[in-house]
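A structural walkthrough
Listed here are the chains, written in short residue letters.
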Amino acid sequence: MDDILEVTSLLINEFHGLLSMLTRYIGFGDHEEEYKVIFEIFYQAAHREPLLSTNLHKDARLLGVLQYARKFLDHVSEVIYEHNADIHALAQEMLRRAYMVLAEVPESNPRYVIICDGMSVADAIYIAYRLRKEYKEYMELFITPLINPGGITETYKFILEPHSYFQSTSLTLKDIARKIAEKVHAKDAIVFRGYDETIHRLRNVHATDIVDEMYKLTSRLYSKIIQLKNGFSGVVMVLSDHGYDVIERGMGLYEMKHFWRPHFLSVIASLLIV
Ligand SMILES: [Zn+2]
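Our focus in this paragraph is the packing of helix α2 (residues 31-47) against helix α10 (residues 207-232). Where α2 contacts α10, the two axes come as close as 10 Å, and the packing angle between them is 115°. Remark: the crossing between α2 and α10 carries right-handed chirality. Contact with α2, carried on its side by E32, Y35, K36 and F39, involves V211, M214, Y215 and T218 of α10 and no other residues of that element. Residue composition of the contact of α2 with α10, grouped by class: 5 nonpolar, 1 polar and 2 charged.

Quick look at the structure:
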């Protein structure tokens, strides 16, 4: 069990480390450019080759972030190989810490739960990054990676609700969102499906088309979060069931996928409380 606590703290610290580095090193004032740099860093960390830009290595600071992101992905695959039996315990520990953070939030701030089908670690980090940049007084409450080695929704359900999974295989993401919402006394549970729909739709396209689409989706999600925060003084718990990967298909064309691959981004299910 000590091991689980240690691994949990290590992964959380690394996630926060990545976010702090990005906050210090990036600042073009152009949201789309910033999103592209973050997307590129995670793509290169997983695939070890450029997607849109070959310029990352020219900026020593961005190169530092890239190396840090690689180290983080190394740790994720180490956890998958060495602690595979503890994946469930690890997820429960991450959730326990998230619930503890939410328990500290004053009752006057309504809680909301948004489960995103297929939001990547790059999208999650971008959202936390942008909140930090745009709201100077704002410090994110909590951000953590949750490991889903299967890289698909079904394995996530199993990790979160192993008992109900065996009772009923028809458990949906909406059910999971509702269960979490109940636990944290949330006002509303929302399922955001845009990512997964896009992942399954984009085949044989240019890399720029993929990044553009994902930027649009992430901006939409960001606006939704801002609306809940500013309009209702809400605290929002944002979860993802798995991430996604961009796979080269030759002739300069790519496709999107989410699947099992220890060193890829699909296996990371992010969790934010903002
Ligand atoms: Zn899917």
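Turning our attention to the pairing of strand β7 (residues 268-273). When you tally the buried positions in β7, you get 6 out of 6 residues, the bulk of the element. Here β7 shows no split at all, with I268, S270 and L272 on one side and A269, L271 and I273 on the other all buried. As paired strands, strand β4 (residues 235-240) and β7 are joined by 3 bridges and run antiparallel to one another. When the sheet's bridge partners are listed, V238 is paired in β7 with L272.

Here the focus is the nonpolar core. Of all hydrophobic cores here, the largest spans 82 residues; its most connected members are I38, F42, V113, I125 and L272. Looking at this core, the element that brings in the most residues is α2, giving 9 residues. Dropping the residues within four chain positions of it, I125 is found in contact with L18, L19, L22 and I38.

Spatial ordering of the open sheet is given by β2-β7-β4-β1-β3, a layout of 5 strands whose pairing is mixed. Pairing within the sheet leaves two strands with one partner each, and these edge strands are β2 (142-147) and β3 (188-192). Adjacent strand axes in the sheet meet at a mean angle of 15° when their direction is disregarded. The strands touched by α10 within the sheet are β1 (111-116), β3 and β4, with β4 carrying the most contacts at an inclination of about 155°.

Let us look at the environment of N148. Residue placement: N148 occurs in the loop between β2 and α6 (153-160). Along the backbone, N148 and G64 are 84 residues apart, and their C-alpha atoms lie at a distance of 26 Å.

As a further point, take unusual backbone geometry. Of note, R48 is a non-glycine position whose phi angle comes to about 60°, a positive value. Along the chain, the position of R48 falls in the loop between α2 and α3 (60-82). We note that N204 has phi near 50°; this positive angle belongs to a residue other than glycine. Residue class for N204 comes out exposed when judged on the 10 C-beta atoms lying within 10 Å of it.

In this section: the environment of E78. Checked against the element boundaries, E78 lands in helix α3. Sequence separation between E78 and P262 is 184 residues, and the spatial gap between their C-alpha atoms is 8.4 Å.

Helix length check: α10, at 26 residues, gives a terminal C-alpha distance of 37 Å against a target of 38 Å (1.5 Å per residue), a fit within 8%. Inspection of α10 places I210, V211, M214, T218, L221, I225 and L228 among the buried residues, and these make up the whole buried set. Trailing α10 by a residue or two, S233 shows a phi angle of about 50°, which is positive.

What counts, and at which threshold
- Residues numbered from 1 in each chain as written.
- Predicted model: local features only at pLDDT ≥ 70, side-chain atom pairs only at ≥ 80, totals over all residues.
- Axes fitted to C-alpha atoms, helices over the stretch in contact; angles between N-to-C directions.
- Helix = DSSP H or I, 4+ residues; strand = E, 2+ residues; numbered from the N terminus.
- Left-handed = near helix turned anticlockwise from the far one by under 90°.
- Contact = placed C-beta atoms within 7 Å.
- Nonpolar A, V, L, I, M, F, W, Y, C, P; charged D, E, K, R; others polar.
- Buried ≥ 20, exposed ≤ 12 C-beta atoms within 10 Å, placed from the backbone.
- Pairing = 2+ DSSP bridges.
- Core = buried A, V, L, I, M, F, W, Y, C linked by C-beta atoms within 7 Å.
- Expected span 1.5 Å × (residues − 1).

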